[in-house]
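# Structural description and commentary
Listed here are the chains, written in short residue letters.
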Amino acid sequence: MIAGGLATIYVSDLDRAVRFYTETLGLKLRYRAGQGWAVIDAGNGLVLGLHGAHPGGPQPGRSGSISVGLSVTEPLDRVVAALSERGVAFRGPVRDDTQVRLAFFGDPDGNELYLTEATGAGPS
């Protein structure tokens, strides 16, 4: 019944946010409507809607209001190193969970993002 969709992220500066998601993270800009809206294709069906902040609307960067996971196509440590060179500040070391490795960071407004790498490990 439901297929697809997008995660909306409120941002304070749409130009800066588009640069971060496209140039820094290497994702593709699919569509842009002035200073109010942009659609970012993050691959494998994940679509991010960047929404310009406005009075009375949700405020960008509020802790816990959004968390977007981005799957990696290369080893996580390699991706973390490459993004760190581009200025991304990761929050703590890579976390190893049972079946996934995670690396946490934020966009320029402080919205919570994380990289995820499936390890295939876990209970047998």
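Scope of this entry: the structure provided in the associated data block. (Residues numbered from 1 in each chain as written. Predicted model: local features only at pLDDT ≥ 70, side-chain atom pairs only at ≥ 80, totals over all residues. Heavy atoms only, no water.)

## Overview of the side chain of Glu-117
Position of Glu-117 relative to the elements: it lies in strand S8 (residues 112-118). Glu-117 sits in the buried class, given a relative accessible area of 18%. Polar side-chain contacts of Glu-117 include one of 3.3 Å to the backbone nitrogen of Leu-76. Aside from chain neighbours lying at most four places away, what touches Glu-117 is Val-72, Glu-74, Pro-75, Leu-76, Gln-99, Val-100 and Arg-101. (Helix = DSSP H or I, 4+ residues; strand = E, 2+ residues; numbered from the N terminus. Buried < 20%, exposed > 50% of the residue type's maximum accessible area, 1.4 Å probe, protein only. Polar contact = N/O pair within 3.5 Å; in protein donor to acceptor, adjacent residues only side chain to side chain. Contact = heavy atoms within 4.5 Å.)

## Quick word on the sheet that holds strand S2 (residues 28-33)
Read from one edge to the other, the open sheet built from four strands follows the order S1-S4-S3-S2, with strand pairing classed as mixed. Strands with a single pairing partner mark the edges of an open sheet, and in this sheet they are strand S1 (7-11) and S2. Direction aside, the axes of adjacent strands within the sheet are offset by 20 degrees on average. Here S2 runs beside strand S3 (residues 37-41); their pairing, made up of five bridges, is antiparallel. Across the sheet, Lys-28 pairs through a bridge with Asp-41, a residue of S3. Sitting on the sheet, helix H1 (residues 14-24) touches S1, S2, S3 and strand S4 (47-52), and the angle it makes with S2 is about 165 degrees. (Pairing = 2+ DSSP bridges. Axes fitted to C-alpha atoms, helices over the stretch in contact; angles between N-to-C directions.)

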